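Listed here are the chains, written in short residue letters.
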Amino acid sequence: MMKKTDLVIVGGGIFGCAIAYYFSKNNPGKQVMLLERNELNNAATSRAAALMTMVRSKRSYIPLTIETFKVAKKMEEELGETLDFKVVGMMHVAASEAKVRDLEVLMDIAREYDQEAYYINKEEAKEKAPWLEVEEALKIGFVPNEAYCDPYMLGTFFARCARNRGVKIRQGVEVVGLIHEAGTVKGVKTSEGDILAESVVDAAGVWAPLLAGQVGVGLPMAPVRSQYWITERSDLFPINSPMVLLPDAQAYARPEGGGLLFGIREGKSLVASPKDVPKDITDFVFSADEGMEDLFENGERLARFFPAFYDMGIKYYVAGFSGYTPDSQLVLGAVPGIKGFLVASGCCGAGISVAGGVGLGIAEMAAGRPNPLDFSEFEISRFGRIDPFGEEWLNRCAAARSNKVSG
């Protein structure tokens, strides 16, 4: 193991790999070490539905996602391989006056960021997505350049390009503590010895509060279960059909290998303390019945738009923990009062789409340069002093996912 380096990144998910990519690219000659106790991109990253939504109500996310699309093309050129982004477009179905108003705002946002978007009629919507019942729809918007991707592959591309630039990636190495003195983080303690560094980035996903807590920081996020289902194959689900957001049902869907991948928010999302999440979630049971109770308790909302819901067989159930915050904003940047320590966490279910912007911004901050992106809404101190392990805080974070209406 290298005993001294310029930057240590803790966590080999998509955020950690993206930070390693940008830092190594923009700081030739600097040494970077990325440490992952399990395998790269094997926790939240690989379990994501990976809707690469650019046009969304949270403007703070849009430049970050645009950067992800840009860097994806650069990495494809560098590696001579394709990420095979599925550019199928996103359909926004509004079936209430309140959601019509939200959709109109969203279409204005699309124009603001020069993203193509327009309204379509019910016949066009039905032709694009044969499974979709649009009788209740009042307005339907379509954003043709939206895409989804293979999240594991995107994370792996970041890691491969970073390794090509000399980043030392160590899997199976656990960070057990921070080396800090007088308000300055100077390195990390690992299962294979100490490593000194000019800067340390905590990109440890839902475990990030455990590391930050060692310097007295209450990181404002909590592990909340995300879950989705994939149906059996059917002619109702063309492989090139668009993604669909159903805010009136708090649901989303996209094609997946001839079936339909869909998620719906339950009334009370499962939340856990970071202290209680196992180090390896490979065999963790997120739901004993694979989400069936949640699905049928909330499925009536979805069935309004997906009539075949009750008749369609479920082939796969996928669940994982995502880091949520009460305001559904990311947790990014320097830790107040602590030198040499940065955080990249709190993905709020959008980690795949914003990974490029997160990587660029955190890497520039770690290099001591101004952040080219606006992270002001992601500041770590925005909630004041909190207890990230307390029940009241955990429930606030869980409620953010339960109330979510976007993808």
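Here the structure is a predicted model, which is why all the values come from computation and not from measurement.

## Some details on the UniProt feature "transmembrane region" (unreviewed entry) in the chain
- Here the UniProt-annotated "transmembrane region" (unreviewed entry) positions come out as residues 7-24.
- Annotated as 61% helix and 22% strand, the span residues 7-24 places its first and last C-alpha atoms 10 Å apart.

## So, the domain arrangement of the chain
- According to the domain assignment, the chain contains domain 1 (5-69 + 151-221 + 326-385) and domain 2 (88-145 + 223-321).
- When each unit is reduced to the centre of its C-alpha atoms, the spacing between domain 1 and domain 2 is 28 Å.
- When domain 1 packs against domain 2, close to 2300 Å² is buried across both sides, 64% of that on carbon and sulfur atoms.
- The largest contributions to the domain 1 side of the interface with domain 2 come from Arg 47, Leu 51 and Val 55, which together make up 30% of the buried area.
- For the interface between domain 1 and domain 2, the tally reads two salt bridges.
- With a closest N to O distance of 3.0 Å, Lys 279 and Glu 174 form a salt bridge.
- The tally of links from domain 1 across to domain 2 stands at nine residue pairs in polar contact (both at pLDDT 80 or more).
- Of all the elements in the fold, those that place two or more residues in the side of domain 1 that touches domain 2 are α2 (62-79) and α6 (208-212).
- The element that contributes the greatest number of residues to the side of domain 1 that touches domain 2 is α2, accounting for four residues.
- Looking at the side of domain 1 that touches domain 2 residue by residue, the class counts come to 15 nonpolar, four polar and five charged.

## Concerning the side chain of Glu 266
- Here Glu 266 is to be found in the loop between β15 (259-264) and α7 (292-303).
- For Glu 266, a relative accessible area of 2% corresponds to the buried category.
- At a separation of 3.3 Å, a polar atom in the side chain of Glu 266 contacts the side chain of Gln 227.
- The residues contacting Glu 266, other than those within four sequence positions of it, are Arg 225, Gln 227, Asp 294, Asn 298, Arg 401 and Ser 402.

## Description of the pairing of strand β2 (residues 32-36)
- Within β2, five of the five residues are buried, which leaves the element mostly enclosed by the surrounding structure.
- Residues Val 32, Leu 34 and Glu 36 of β2 are buried on one face, and the alternating residues Met 33 and Leu 35, pointing to the opposite face, are buried as well.
- Direction of pairing for strand β1 (residues 4-10) relative to β2: parallel, over a ladder of four bridges. Counterpart to Leu 7 in the pairing with β2 is Val 32.
- Where β2 lies against strand β8 (residues 168-171), four bridges are found, and the strand directions are parallel. When the bridges of β8 are listed, Glu 36 appears paired with Gln 171.

## Here we look at the UniProt feature "domain: FAD dependent oxidoreductase" (unreviewed entry) in the chain
- According to UniProt, the positions carrying the feature "domain: FAD dependent oxidoreductase" (unreviewed entry) are residues 6-365.
- For residues 6-365, helix accounts for 28% and strand for 28%, while the C-alpha atoms at its two ends are 13 Å apart.

## Section: the environment of Thr 231
- Of note, Thr 231 is situated in strand β12 (residues 222-231).
- When its relative accessible area of 3% is taken as the criterion, Thr 231 is described as buried.
- Considering only alpha carbons, one finds Thr 231 and Gly 213, 18 residues apart in sequence, at a separation of 41 Å.
- Of the polar contacts made by the side chain of Thr 231, one reaches the backbone nitrogen of Leu 260; its length is 2.9 Å.

## A few points about a negative patch on the surface
- A contiguous patch of negative charge on the surface is contributed by Asp 289, Glu 290, Glu 293 and Glu 297.
- With respect to the helices and strands, the residue Glu 297 is situated in helix α7.
- Relative accessible area serves as the criterion here: at 56%, Glu 297 is assigned to the exposed category.

## Regarding the packing of aromatic side chains
- Applying the stated criterion to the full structure yields 20 aromatic pairs.
- Ring plane angle 45° and centroid distance 5.6 Å describe the contact between Phe 284 and Phe 321, whose orientation is recorded as tilted. Highlighted residues: Phe 284 in the loop between β15 and α7 and Phe 321 in strand β16 (residues 314-324), separated in sequence by 37 residues.
- Phe 284 sits in the partly exposed class, given a relative accessible area of 30%.
- Through successive ring pairs, a cluster of aromatic residues spans Trp 131, Trp 229, Phe 237, Phe 262, Phe 296, Phe 306, Phe 309, Tyr 310 and Tyr 317.
- The cationic tip of Lys 128 hangs over the ring face of Phe 142; the distance from NZ or CZ to the ring centre is 4.4 Å.
- Over the aromatic face of Phe 389 sits the side chain of Lys 275, whose NZ or CZ is 4.4 Å from the ring centroid.

Reading the values: rules and limits
- Residues numbered from 1 in each chain as written.
- Predicted model: local features only at pLDDT ≥ 70, side-chain atom pairs only at ≥ 80, totals over all residues.
- Heavy atoms only, no water.
- UniProt positions renumbered as here; feature names shortened; annotations may be inferred.
- Helix = DSSP H or I, 4+ residues; strand = E, 2+ residues; numbered from the N terminus.
- Domains from an automatic or database assignment.
- Buried area = accessible area lost by both parts, 1.4 Å probe.
- Salt bridge = Lys/Arg side-chain N within 4 Å of Asp/Glu carboxyl O.
- Polar contact = N/O pair within 3.5 Å; in protein donor to acceptor, adjacent residues only side chain to side chain.
- Nonpolar A, V, L, I, M, F, W, Y, C, P; charged D, E, K, R; others polar.
- Buried < 20%, exposed > 50% of the residue type's maximum accessible area, 1.4 Å probe, protein only.
- Contact = heavy atoms within 4.5 Å.
- Pairing = 2+ DSSP bridges.
- Patch = residues over 30% accessible without salt bridge, like charges linked within 9 Å, V, L, I, M, F, W, Y side chains within 5 Å.
- Areas by Shrake-Rupley, 256 points an atom, 1.4 Å probe, with all protein chains shown as cover.
- Lys, Arg positive; Asp, Glu negative; His and termini not counted.
- Charge placed at Lys NZ, Arg CZ, Asp CG, Glu CD.
- Phe/Tyr/Trp six-rings, centres within 6.5 Å; stacked < 30°, edge-to-face > 60°.
- Lys NZ or Arg CZ within 6 Å of the ring centre and 35° of its normal.

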